[in-house]
Amino acid sequence: LSTLLKEAGVQKNASWLVAEGADANRHSKSIPLKKGIDDVLVAYSQNGEAVRPEQGYPLRLVVPGWEGVSNVKYLRSIKVVDKPYYLKVETANYTNLTPDGKASWYQFQVGPKSLITYPSDAHQLPGRGLYEICGLAWSGRGAIGRVEVSTNGGRTWNDAHLQQPVFRKAFTRFRLAWNWDGEETLIQSRCTNEYGDIQPTRRELGKL
């Protein structure tokens, strides 16, 4: 996107972008110009073929590290403006409700998040023994610096091994050897990015 903006020319008082899709709802999103110049992509192909219709053919905006609602499909226009447009999708739907009943707008960045992919869901372990706990971690701000895993419901935590290389704004695989004694337990993970931001629990997220 920075290449397109440079070619088109941006006036000095510009500070926001408004990206609009060609779908029936004309899904649109206000995005700070600073982000657009930094790392936003206008994608027309993936893995050697054109972007597929279900992915937003012929063009799709890709906004790394931010909530997926910013990745406007079927992109038809990008306006360079001096303020956000306060669209319904960003003032009524994708907001953060606070305890006093008010909602905050324009908080886009995805925080540190991790999850266990094995064992989880329908996986069944045949019996006690040595297993490898696996999972994914990611963060919209910086690279993953650490992942901890608890096998006793959060009472104690152990550092997991991060699969290299570790990139910013990308999935990071982690692994931890675990000797299961056959008793019922709760497995959890939490990650920390390179800036020291720690993945909150659901309760901590509610307080935020």
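Here the structure is shown first, and the text comes after it.
In this text, all values refer to a predicted model and were calculated from it rather than measured experimentally.

Visitor: Any details on the overall build of the protein? Residues and values, ideally.
Guide: A tally of regular secondary structure across the protein gives four helices and 16 strands. Overall, the C-alpha framework of the protein stretches about 65 × 50 × 35 Å when taken along its three principal axes. Taking all 208 residues of the protein together, 36% fall into the buried category. For the protein, contacts bridging at least 24 residues in sequence account for 59% of all contacts bridging at least 6. Put simply, the protein shows about 13,500 Å² of open surface, and 49% of that area lies on carbon and sulfur atoms.

Visitor: Quick one: what's the story with the pairing of strand S1 (residues 16-21), residue by residue and with numbers?
Guide: Most of S1 sits inside the fold, with six of its six residues counted as buried. Neither face of S1 is exposed, since Trp16, Val18 and Glu20 on one face and Leu17, Ala19 and Gly21 on the opposite face are all buried. Where S1 lies against strand S2 (residues 28-32), five bridges are found, and the strand directions are antiparallel. For alanine 19, the partnering residue across the bridge sits in S2 and is lysine 29. The hairpin turn running from S1 into S2, its antiparallel successor, is six residues long, and arginine 26 in that turn takes a positive phi close to 50 degrees.

Visitor: Just give me the short version of the state of the cysteines, but keep the residues and values in it.
Guide: Applying the stated criterion to the full structure yields zero disulfides. Note on cysteine 134: no disulfide assigned, nearest cysteine sulfur contributed by cysteine 191 at a separation of 16 Å. What makes cysteine 191 buried here is its relative accessible area of 0%.

Visitor: Just give me the short version of unusual backbone geometry, but keep the residues and values in it.
Guide: Residue tyrosine 57 is joined to proline 58 through a cis peptide bond whose omega torsion reads 5 degrees. On the secondary structure map, proline 58 appears in the loop between strand S5 (49-50) and strand S6 (60-62). The residue tyrosine 74 is not glycine, and still its phi comes out positive at about 50 degrees. Of note in this structure, lysine 169 is not a glycine but carries a positive phi near 55 degrees. Looking at where lysine 169 falls in the secondary structure, it is placed in the loop between strand S14 (161-162) and strand S15 (172-180).

Visitor: I'd like to hear about the sheet that holds S1, residue by residue, with values.
Guide: Strand pairing in a sheet relies on backbone hydrogen bonds. The paired strands run either parallel or antiparallel. Strand order in the open sheet formed by three strands is S2-S1-S7, and the pairing between neighbours is antiparallel. With one partner strand each, in any of the chains shown, S2 and strand S7 (75-81) form the two edges of the open sheet. Each strand of the sheet is rotated relative to its neighbour by a mean of 20 degrees, with strand direction disregarded.

Visitor: Help me get a handle on the nonpolar core, residues and values and all.
Guide: Generally speaking, soluble globular proteins have nonpolar side chains that are buried together. In terms of nonpolar packing, the biggest core is built from 18 residues, with Leu61 and Val63 touching the most fellow members. Where this core is concerned, the elements lending two or more residues are S1 and S7. Top contributing element to this core by residue count: S1, with four residues. Here valine 63 is in contact with Ile31, Lys35, Val40, Ser70 and Asn71, once residues within four sequence places are set aside. Judged by nonpolar contacts, the second largest core, of 16 residues, contains Leu125, Ile133, Ala137 and Ile187.

Visitor: How would you explain the sheet that holds strand S12 (residues 144-150) if you had to name every residue and give the values?
Guide: The sheet built from three strands is open, its strands ordered S13-S12-S16 with antiparallel pairing. Each edge of the open sheet is held by one strand with a lone partner, namely strand S13 (158-159) and strand S16 (188-193). Sheet analysis places S12 next to S16, joined by six bridges and oriented antiparallel. By the bridge assignment, isoleucine 144 is partnered in S16 with asparagine 193.

Visitor: Break down the side chain of aspartate 39 for me, with residues and values.
Guide: Tracing the backbone through its elements, the reader meets aspartate 39 in the loop between helix H2 (33-38) and strand S3 (41-43). Judged by its relative accessible area of 17%, aspartate 39 is buried. A polar contact of 3.1 Å, which involves the side chain of aspartate 39, links it to the side chain of lysine 35. Of the polar contacts made by the side chain of aspartate 39, one reaches the side chain of lysine 169; its length is 2.4 Å. Setting aside residues up to four positions removed in sequence, aspartate 39 forms contacts with Val62, Pro64 and Lys169.

About the criteria used
Residues numbered from 1 in each chain as written. Predicted model: local features only at pLDDT ≥ 70, side-chain atom pairs only at ≥ 80, totals over all residues. Heavy atoms only, no water. Helix = DSSP H or I, 4+ residues; strand = E, 2+ residues; numbered from the N terminus. Buried < 20%, exposed > 50% of the residue type's maximum accessible area, 1.4 Å probe, protein only. Contact = heavy atoms within 4.5 Å. Areas by Shrake-Rupley, 256 points an atom, 1.4 Å probe, with all protein chains shown as cover. Pairing = 2+ DSSP bridges. Disulfide = S-S within 2.5 Å. Axes fitted to C-alpha atoms, helices over the stretch in contact; angles between N-to-C directions. Core = buried A, V, L, I, M, F, W, Y, C linked by side-chain atoms within 4.5 Å. Polar contact = N/O pair within 3.5 Å; in protein donor to acceptor, adjacent residues only side chain to side chain.

On their own, these measurements won't tell you what the molecule is for.
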